[in-house]
Amino acid sequence: MTDELAARVAAIIAKNQRIAVETIGAQSTFAELNIDSLDGLQLVFALEEEFHVDIPDDAAKEFRSVGEVVNGLEKLLLAKQAAASPASV
Amino acid sequence: MRRVAVTGVGVVSALGFDRESFWNGMADGRCGIETIDAVDCSDLKIRIGAEVKRFDPLMWLTAKEIGTMDRSTQFAMVAALEAVKDSGVEVAGERAAVVTGCSLGGKCTEDETYRGLYAEKRTRFEPMTIPRAMTNAGASCISMRHAITGPCYTVSTACASAAHAIGQAFWMVRSGLVDIALTGGNEAPFTLGMLRGWESLRVVSPEPCRPFSKNRKGLTLGEGAAMLVLEPLEAALARGAHVYAEIRGFGMTADAAHLTMPSADGAARAMRAALQDAGLSAERIGYINAHGTGTAANDVTETQAIRSVFALPPPVSSTKSMHGHALGAAGALEAVATVLALDRGVLPPTVNFVERDEQCDLDVIPNASRVLAVEAAISNSFAFGGLNAVLAFASDGATRV
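All values derive from a computational prediction rather than experimental measurement. (Residues numbered from 1 in each chain as written. Chains lettered and ligands numbered in written order. Predicted model: local features only at pLDDT ≥ 70, side-chain atom pairs only at ≥ 80, totals over all residues. Heavy atoms only, no water.)

Participant: Please provide a residue-by-residue account of the domain arrangement of chain B, values included.
Facilitator: Residues and elements named next belong to chain B. Examined at the domain level, chain B breaks down into domain 1 (4-238) and domain 2 (247-396). For domain 1 versus domain 2, the distance between C-alpha centres works out to 20 Å. At the boundary of domain 1 with domain 2, total buried surface from both sides reaches about 5000 Å², with 71% on carbon and sulfur atoms. On the domain 1 side of the interface with domain 2, the three residues burying the most area are Trp-23, Cys-159 and Phe-212, jointly 18% of the side's total. In this structure, Arg-216 and Asp-357 form a salt bridge, with 2.8 Å as the shortest nitrogen-oxygen distance. Linking domain 1 to domain 2 there are 21 residue pairs in polar contact (both at pLDDT 80 or more). Every element with two or more residues in the side of domain 1 that touches domain 2 is listed here: β1 (4-12), α1 (19-27), α7 (161-175), β6 (180-187), α8 (192-201) and β7 (224-232). Top element by residues in the side of domain 1 that touches domain 2 is α7. It accounts for 10 residues. (Domains from an automatic or database assignment. Buried area = accessible area lost by both parts, 1.4 Å probe. Salt bridge = Lys/Arg side-chain N within 4 Å of Asp/Glu carboxyl O. Polar contact = N/O pair within 3.5 Å; in protein donor to acceptor, adjacent residues only side chain to side chain. Helix = DSSP H or I, 4+ residues; strand = E, 2+ residues; numbered from the N terminus.)

Next comes the structure, spelled out in structure tokens:
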């Protein structure tokens, strides 16, 4: 899941920042990618739309690198999946 | 106090995206009013407007900038870029000001947001929704693009917004508070919500507006922006700049009477205040760019006001018949029309004029522009809420004498 997720995240960052996806490494930081606070807000919005997930403010504030976005999203998606599956007895 | 020159103008309107297309459109008496494209009007009474069509902001702005700006702000930015380029002067720093007029703010952004909210039950919105919708976004984005760090603000007085803005910028340059100002107005009102609101006021004409003409049926909405560069006349002449006109006076009053019905007294007092501020007698005014909305009430009241100030009224025209009523930007479009009339020695017409109305017994320059060099002119703006602002200009020829 992570590789596919990382690729989708990179594609969204590339679109958001209007940069080539090849310039985005798995561990690139927001500073390296020139993602300022407003860009970050727009990125979170784009991620929410893409993955149909609500990213809480606290989680969004933790995003400082591509790796943190992928890890954070993975947790949120797993939690969403767990919440959607029938409760086990 | 310093004398103040207009040395640059930029215009985005239904007549085009720059100064010359705006001027040539008016000089040719071209009406920019057509079927509205931005909104599906099949269910509306309002179907026509002076819309800015085929506008591609990428010609002036980056994709990133565009993403942070409502259509109204994009118009403001383009007009400001054109005005600065036209003036050939650097407008930047602490001694520079930006004062814009805008009545509605980012209505396109708001309308889209509310459609998502109420119609689609969306719960997530574009993070730039709030800053895009700010009424002062035009002034703020202009200050950022041009590194203008002095006074920067937006005046919102409905249809007099831009005239109030230009008047205040003029006073700041005249008094020496700043050495240069970028000022004007911007508006983009073509949204479903706005059109429904105007429809319910029953003042919008089903056909292109015919100001001062008998059996006129109301106003026609327009959109766009215009910006002017104001600088001390002495500085402009010293650097060999082209001076379109001198801005000489500004007058403002309130009717304190009715939210929508105009008052001849309030309008007349604003005209007198502008003339007094300009040090010009009424006889020296050779042209009036009227508020001239094309509503039954405005045009009669404005005629009475003009007649009370001018024993022998000069030629009067409403250029709204060509660029529409651009609300918060109207005073800026019309200030540019007025300074270009002084600069070119041609008075723009009132088009769509059919028949004289005895209650509007003025020379309204019907349907065709008139070659006539005049020494000075005023531009009237009268807003809902009973707010009146009048700007007085003098020709460069008069200025140099």
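Following the structure, the description resumes.
Participant: I'd like a rundown of the pairing of strand β9 (residues 285-289) of chain B, residues and numbers included.
Facilitator: All names here are of chain B. Of all 5 residues in β9, 5 are buried; the element is thus mostly enclosed. Across 4 bridges, β9 lies against strand β13 (residues 376-383) in parallel orientation. Residue Ile-288 lies in a different strand from β13, and its bridge partner there is Ile-378. Since β9 and strand β10 (residues 316-317) lie parallel, the crossover through helix α11 (residues 296-309) that links them has a hand, and here it is right-handed. (Buried < 20%, exposed > 50% of the residue type's maximum accessible area, 1.4 Å probe, protein only. Pairing = 2+ DSSP bridges. Right-handed = clockwise from strand over helix to strand, strands pointing away.)

Participant: Which residues make up the pattern of salt bridges, and what values do they have?
Facilitator: Within the structure shown, the criterion is met by 38 salt bridges over all chains. Among the ionic pairs, Asp-54 of chain A bridges to Arg-124 of chain B, the shortest N-O distance being 3.0 Å. Of this pair, Asp-54 of chain A sits in the loop between α2 (37-51) and α3 (57-62) while Arg-124 of chain B is found in the loop between α4 (107-119) and α5 (129-133), placing the two residues in two different chains. One salt bridge in this structure joins Glu-199 of chain B and Arg-196 of chain B, with 2.8 Å as the shortest N-O distance. Note that Glu-199 of chain B and Arg-196 of chain B are positioned in helix α8 at a spacing of 3 residues, about one turn of the helix. According to the relative accessible area criterion, Arg-196 of chain B is partly exposed, its value standing at 34%. Among the charged side chains, a network of salt bridges with common partners joins Glu-48, Glu-49 and Asp-54 of chain A together with Arg-122 and Arg-124 of chain B.

Participant: Outline empty space enclosed by the protein, supporting the account with residue identities and numerical values.
Facilitator: All names here are of chain B. Following the criterion strictly, the structure yields 2 cavities of 30 Å³ or more and no others. Considered as a void within the structure, the largest cavity measures approximately 40 Å³ in volume. Together, Asp-255, Pro-262, Ser-263, Ala-267, Asn-298, Thr-301, Glu-302, Phe-382 and Asn-388 line the largest cavity. With 3 residues, α11 is the single largest residue contributor to the lining of the largest cavity. Taken as a whole, the second largest cavity encloses approximately 30 Å³ of empty space. Forming the boundary of the second largest cavity are Ser-72, Thr-73, Cys-102, Gly-105, Gly-106, Arg-132, Met-134, Thr-135, Ala-137, Gly-138 and Asn-186. Taken together, the elements giving at least two residues each to the lining of the second largest cavity come down to α3 (71-87) and α6 (137-146). Considered class by class, the residues forming the lining of the second largest cavity number 3 nonpolar, 7 polar and 1 charged. (1 Å grid on protein atoms, 1.4 Å probe; cavity = no way out; pocket = protein on both sides within 12 Å on 5 of 7 lines; lining within 4 Å. Points joined across faces, edges and corners; volume = space filled by probe spheres on them. Nonpolar A, V, L, I, M, F, W, Y, C, P; charged D, E, K, R; others polar.)

Participant: Any details on the environment of Ala-14 of chain A? Residues and values, ideally.
Facilitator: Residues and elements named next belong to chain A. Along the polypeptide, Ala-14 turns up in helix α1 (residues 2-17). Residue classification places Ala-14 among the buried residues on the basis of a relative accessible area of 8%. Residues contacting Ala-14, with those up to four places away along its chain left out, are Ile-19, Ala-20, Val-21 and Ile-24. (Contact = heavy atoms within 4.5 Å.)

Participant: Break down the packing of aromatic side chains for me, with residues and values.
Facilitator: All names here are of chain B. According to the stated counting rule, one finds 7 aromatic pairs over all chains in the structure shown. Measuring from centroid to centroid gives 6.0 Å for Trp-198 and Phe-384, while their planes differ by 25 degrees, and the two rings are stacked. One end of the pair, Trp-198, is in helix α8; the other, Phe-384, is in the loop between β13 and β14 (387-395), and 186 residues separate them in sequence. For Trp-198, a relative accessible area of 10% puts it in the buried group. Taking relative accessible area as the criterion, Phe-384 reaches 31% and is therefore assigned partly exposed. An aromatic cluster of at least three residues, connected via ring pairs, comprises Phe-17, Phe-55, Trp-60 and Phe-75. (Phe/Tyr/Trp six-rings, centres within 6.5 Å; stacked < 30°, edge-to-face > 60°.)

Participant: Any details on helix α13 (residues 330-344) of chain B? Residues and values, ideally.
Facilitator: Residues and elements named next belong to chain B. The terminal C-alpha atoms of α13, which comprises 15 residues, lie 21 Å apart, in line with the 21 Å expected from a rise of 1.5 Å per residue. Burial runs high along α13: 13 of the 15 residues are buried. Positioned one or two residues after α13, Gly-345 has a phi angle of 70 degrees, which is positive. (Expected span 1.5 Å × (residues − 1).)

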